[in-house]
Amino acid sequence: MAMQQNAPVADGPARPRPARVQVGGIATDRMTGPELAQQMVADWRRNVAAGRQLPARLVFDANGQAVSLYGRDAEFRAWMDQADLMHADGMSLVWASRLLTHAPLPERVATTDFFHDCAAAAEAAGLSFYMLGATREVNDAAVANVRAAYPNLRIAGHRDGYFAQSEEVGIIEEVVASGADVLWIARGRRFQEGFAIAHRHRLAGVTWIHPCGGLFDFLSGFVRRAPDWVQTIGMEWLYRTMQEPRRLFLRYFLTSPHAIYRMAVATRALPDDAPPSGRP
Ligand code: UDP
């Protein structure tokens, strides 16, 4: 995985201007995966210098499903608008930004790839992860594979993502007690963003909270990634649907046309002084 571990990170990476573009309504940062990983380290250094008192930053991702949800679900829209950083998990967002604005996204930052940028940067700089989500079997396998790939990365803690609402506060306390710097939450779209927003204020000391959907299914090796060429032509969603048609057919075939419509009508470059949500 391409990494820029030796690049200076103290002030964060230089960003292209304008720094964000609104795609399908969602304000998205114009940063590459390695730049965002450097930002993670820079945010962590700032947090450590501040005695770990800074609020945890919400780092969300957007794809076609998120664009569609954003257009029709006010609660999800309000959650997404609170993100401190947003990256494009789906290729369609990159295309929309290129076709419809003068501020194209530099690349797709698929969460499944971005995790590796972050893991390598965290291993080099000394940050730790907490991996929360998926079934116990998948979670254990994902953690074992990450430990094997990044032997010096500290996994401060991990657990599955199947628990009752009454257990949530106790689990968040476990995360805080573990001293983790980055909390990955793999519980599926919407559920995980709501969870991150609801508990953000309790996550003292944590630098980044990153909801990450089916990431652990891929890290565990239980689900295979699409071949590179399929990813390049923006068809990873179709490949996934063919692997799990029952679960994903309705999701993609209902949301994709709506997402395309939303991208056509709500994609524009954002001035640098735009509010965090990107909306006036
Ligand atoms: N999941 C979980 N707890 C739940 C529901 C789902 O941990 O209560 C996990 C599930 O095991 C899977 C992930 O959340 O690992 C959701 O994967 P999906 O492919 O739906 O994610 P997305 O497509 O949103 O990235």
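Everything discussed here concerns the structure shown above.
Definitions and limits used
- Residues numbered from 1 in each chain as written.
- Predicted model: local features only at pLDDT ≥ 70, side-chain atom pairs only at ≥ 80, totals over all residues.
- Heavy atoms only, no water.
- Axes fitted to C-alpha atoms, helices over the stretch in contact; angles between N-to-C directions.
- Helix = DSSP H or I, 4+ residues; strand = E, 2+ residues; numbered from the N terminus.
- Parallel < 35°, antiparallel > 145°, perpendicular 65-115°, else oblique.
- Contact = heavy atoms within 4.5 Å.
- Nonpolar A, V, L, I, M, F, W, Y, C, P; charged D, E, K, R; others polar.
- Near = heavy atom within 4 Å.
- Polar contact = N/O pair within 3.5 Å; in protein donor to acceptor, adjacent residues only side chain to side chain.
- Areas by Shrake-Rupley, 256 points an atom, 1.4 Å probe, with all protein chains shown as cover.
- Pairing = 2+ DSSP bridges.
- Salt bridge = Lys/Arg side-chain N within 4 Å of Asp/Glu carboxyl O.
- Patch = residues over 30% accessible without salt bridge, like charges linked within 9 Å, V, L, I, M, F, W, Y side chains within 5 Å.
- Buried < 20%, exposed > 50% of the residue type's maximum accessible area, 1.4 Å probe, protein only.
- Phe/Tyr/Trp six-rings, centres within 6.5 Å; stacked < 30°, edge-to-face > 60°.
- Lys NZ or Arg CZ within 6 Å of the ring centre and 35° of its normal.

Section: the packing of helix 2 (residues 64-72) against helix 12 (residues 245-265)
Here helix 2 crosses helix 12 at 70°, and the two axes come no closer than 8 Å. By the angle between their axes, helix 2 is roughly perpendicular relative to helix 12. In this structure, helix 2 uses Gly64, Gln65, Val67, Ser68, Gly71 and Arg72 to contact helix 12, whose residues at the interface are Arg251, Thr255, His258, Ala259, Arg262 and Met263. The residue makeup of the contact of helix 2 with helix 12, split by class, is three nonpolar, six polar and three charged.

Quick look at the site of the ligand
Close to the ligand lie 16 residues, the nearest being Ala134, Gly161, Asp217, Arg240 and Arg251. Here Ala134 contributes a backbone N or O atom positioned 2.8 Å from an oxygen atom of the ligand. Within the backbone of Gly188, a nitrogen or oxygen atom sits 3.3 Å from an oxygen atom of the ligand. Bound to the protein, the ligand loses 82% of the 550 Å² it would expose on its own.

Examining the sheet that holds strand 2 (residues 26-29)
Here three strands make up an open sheet; going across it, the order is 2-1-9 and the pairing antiparallel. The strands lining the two open edges of the sheet, one partner per strand, are strand 2 and strand 9 (268-269). Of the strand pairs in this sheet, strand 1 (residues 20-23) and strand 2 are connected by four bridges, and their pairing is antiparallel. Note that in strand 2 the partner of Val23 across the bridge is Ile26.

Section: the pattern of salt bridges
Per the stated rule, a full pass over the model turns up 14 salt bridges. Here the salt bridges do not stand alone but share partners, grouping Arg108, Asp113, Arg225 and Glu236 into one network.

Quick notes on a nonpolar patch on the surface
Taken together, the side chains of Leu238, Met242, Phe249, Leu250, Phe253 and Leu254 present a nonpolar region at the surface, about 630 Å² in accessible area. When contributions to the nonpolar patch are tallied by element, the ones reaching two or more residues are helix 11 (236-243) and helix 12. It is helix 12 that provides the largest number of residues to the nonpolar patch, a total of four residues.

Observations concerning the pairing of strand 2
Side chains Ile26 and Thr28 project from strand 2 onto one buried face, and the interleaved Ala27 and Asp29 project onto a second face that is buried too. As consecutive antiparallel partners, strand 1 and strand 2 are separated by two residues, and within that stretch Gly24 has a phi angle of approximately 55°, a positive value.

A few points about the packing of aromatic side chains
Throughout the structure, instances matching the rule amount to eight aromatic pairs. Arranged with centres 5.9 Å apart and planes meeting at 55°, the rings of Phe163 and Phe195 form a pair that is tilted. With Phe163 in the loop between strand 6 (154-159) and helix 7 (168-178) and Phe195 in helix 8 (residues 191-199), the pair connects residues that are 32 residues apart, well separated along the chain. The same class applies to Phe163 and to Phe195, which are both buried. Judged by centre distance (5.8 Å) and plane angle (65°), the ring pair of Trp237 and Phe253 falls under edge-to-face. Pair noted here: Trp237 is in helix 11 and Phe253 is in helix 12, with a separation of 16 residues, a long-range link. Of the residues examined, Phe253 reaches a relative accessible area of 39% and is grouped as partly exposed. Aromatic ring contacts, followed pair by pair, group Trp237, Phe249, Tyr252 and Phe253 into a single cluster. The ring of Phe195 is capped by Arg187, whose NZ or CZ atom sits 5.1 Å from the centre of that ring. The aromatic ring of Tyr252 is capped on one face by Arg251, whose charged end is 5.8 Å from the ring centroid.

Function cannot be inferred from these measures alone, as they are strictly geometric.
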